[in-house]
Amino acid sequence: MPYSYDEQNIFAKILRGEIPCNKVAESEHCLAFHDIAPQAPQHVLVIPKGAYVTYDDFALNARDAEIIDFTRMVAKVCGQLGVCPTEAQAGYRLISNAGPDGMQEVPHLHVHILAGANIGPLTVKHT
Ligand code: 5GP
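Residues numbered from 1 in each chain as written. Predicted model: local features only at pLDDT ≥ 70, side-chain atom pairs only at ≥ 80, totals over all residues. Heavy atoms only, no water.

## Focus: the side chain of E66
No. 1: Along the chain, the position of E66 falls in helix α3 (residues 64–81).
No. 2: Ignoring any residue separated from it by four or fewer positions in sequence, one finds E66 in contact with H29, G50, Y52 and F58. (Helix = DSSP H or I, 4+ residues; strand = E, 2+ residues; numbered from the N terminus. Contact = heavy atoms within 4.5 Å.)

Set out below in structure tokens:
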């Protein structure tokens, strides 16, 4: 078992209904909700319902049905938000922080969808 999953992390509590969230969408294997401290005009988190810590954990250990559902949920939420770049002005950025170097705060896999404005440069340089 490469990762230990903390059942008390805040997203596990959201999934158990112990604390509320502002839900955007839900499917059999995942949940999407607004970030509590938005970093862009639109900032939604997509999480799997399964106990996965990071993207690599999920991609290697989740069942195909979970991976398909999660991948499609990200696309559905982008569509729901109206940010798929079929229009000249739209677009979004996906971010999934992992571990200390990625500055992951909540140890349950999540993809940030950031949109609604130009999101700016990808990251600061560390060269
Ligand atoms: P990370 O740094 O782990 O990639 O991002 C964690 C995100 O979770 C942050 O953007 C933070 O604002 C968000 N967050 C932390 N606690 C809560 C919460 O209780 N509810 C919601 N909706 N978002 C949260």
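Next comes the rest of the write-up.
## Regarding the pattern of salt bridges
No. 1: Under the counting rule described, the total for this entry stands at five salt bridges.
No. 2: Between K49 and E26 there is a salt bridge whose closest N-O contact spans 2.8 Å. Taken together, the positions of K49 in the loop between β3 (42–48) and α2 (55–61) and E26 in strand β1 (residues 23–26) put the pair 23 residues apart, joining distant regions of the chain.
No. 3: Look at the salt bridges and you will find they share partners, linking E7, R16 and E18 into a network. (Salt bridge = Lys/Arg side-chain N within 4 Å of Asp/Glu carboxyl O.)

## Considering the pairing of strand β5 (residues 111–115)
No. 1: Across the five residues of β5, five count as buried, placing the element largely inside the fold.
No. 2: With burial as the criterion, each face of β5 is covered, one bearing V111, I113 and A115 and the other bearing H112 and L114.
No. 3: As defined by bridge partners, strand β4 (residues 92–95) adjoins β5 across four bridges and the pair is classed as antiparallel. Considered in β5, the bridge of Y92 is made with A115. (Buried < 20%, exposed > 50% of the residue type's maximum accessible area, 1.4 Å probe, protein only. Pairing = 2+ DSSP bridges.)

## Regarding the packing of aromatic side chains
No. 1: Applying the stated criterion across every chain, the model contains three aromatic pairs.
No. 2: The interplanar angle of 75° and the centroid separation of 5.2 Å between the aromatic rings of Y52 and F58 together place this pair among those described as edge-to-face. (Phe/Tyr/Trp six-rings, centres within 6.5 Å; stacked < 30°, edge-to-face > 60°.)

## Concerning the site of the ligand
No. 1: Surrounding the ligand, one finds 16 residues, the nearest of these being D35, N97, E105, H110 and H112.
No. 2: Between the ligand and H34, the relevant distance is 2.9 Å, taken from a nitrogen atom to a main-chain nitrogen or oxygen of the residue.
No. 3: A distance of 2.5 Å separates an oxygen atom of the ligand from a polar side-chain atom of D35.
No. 4: Across the complex, the protein chains shield 87% of the 520 Å² of accessible surface that the ligand would expose by itself.
No. 5: The cavity where the ligand resides is the largest pocket.
No. 6: Where the shell around the ligand is concerned, the elements lending two or more residues are α1 (10–15) and β2 (30–34).
No. 7: Per-element tally for the shell around the ligand: the top contributor is α1, with three residues.
No. 8: Its residues assigned to classes, the shell around the ligand comprises nine nonpolar, five polar and two charged. (Near = heavy atom within 4 Å. Polar contact = N/O pair within 3.5 Å; in protein donor to acceptor, adjacent residues only side chain to side chain. Areas by Shrake-Rupley, 256 points an atom, 1.4 Å probe, with all protein chains shown as cover. 1 Å grid on protein atoms, 1.4 Å probe; cavity = no way out; pocket = protein on both sides within 12 Å on 5 of 7 lines; lining within 4 Å. Sits in = over half its atoms within 2 Å of the grid points. Nonpolar A, V, L, I, M, F, W, Y, C, P; charged D, E, K, R; others polar.)

## Section: the nonpolar core
No. 1: Among the nonpolar cores identified, the biggest contains 20 residues, and A32, V44, V46, F70, V77 and I113 are the most heavily contacted of them.
No. 2: Contributing elements (two or more residues each) for this core: β1, β2, β3, α3 and β5.
No. 3: Top element by residues in this core is α3. It accounts for six residues.
No. 4: Contact partners of A32, with chain neighbours within four places excluded, come to K23, V24, A25, V44, L45, V46 and V77.
No. 5: By size, the runner-up hydrophobic cluster in this structure holds seven residues, among which are F33, L45, I47 and V106. (Core = buried A, V, L, I, M, F, W, Y, C linked by side-chain atoms within 4.5 Å.)

## Some points on α3
No. 1: Between its terminal C-alpha atoms α3 stretches 26 Å, which fits the 26 Å expected from 18 residues at 1.5 Å a residue.
No. 2: Among the residues of α3, E66, D69, F70, M73, V74, V77, C78 and L81 are the ones counted as buried.
No. 3: At the exit of α3 stands G82, carrying a positive phi of roughly 75°. (Expected span 1.5 Å × (residues − 1).)

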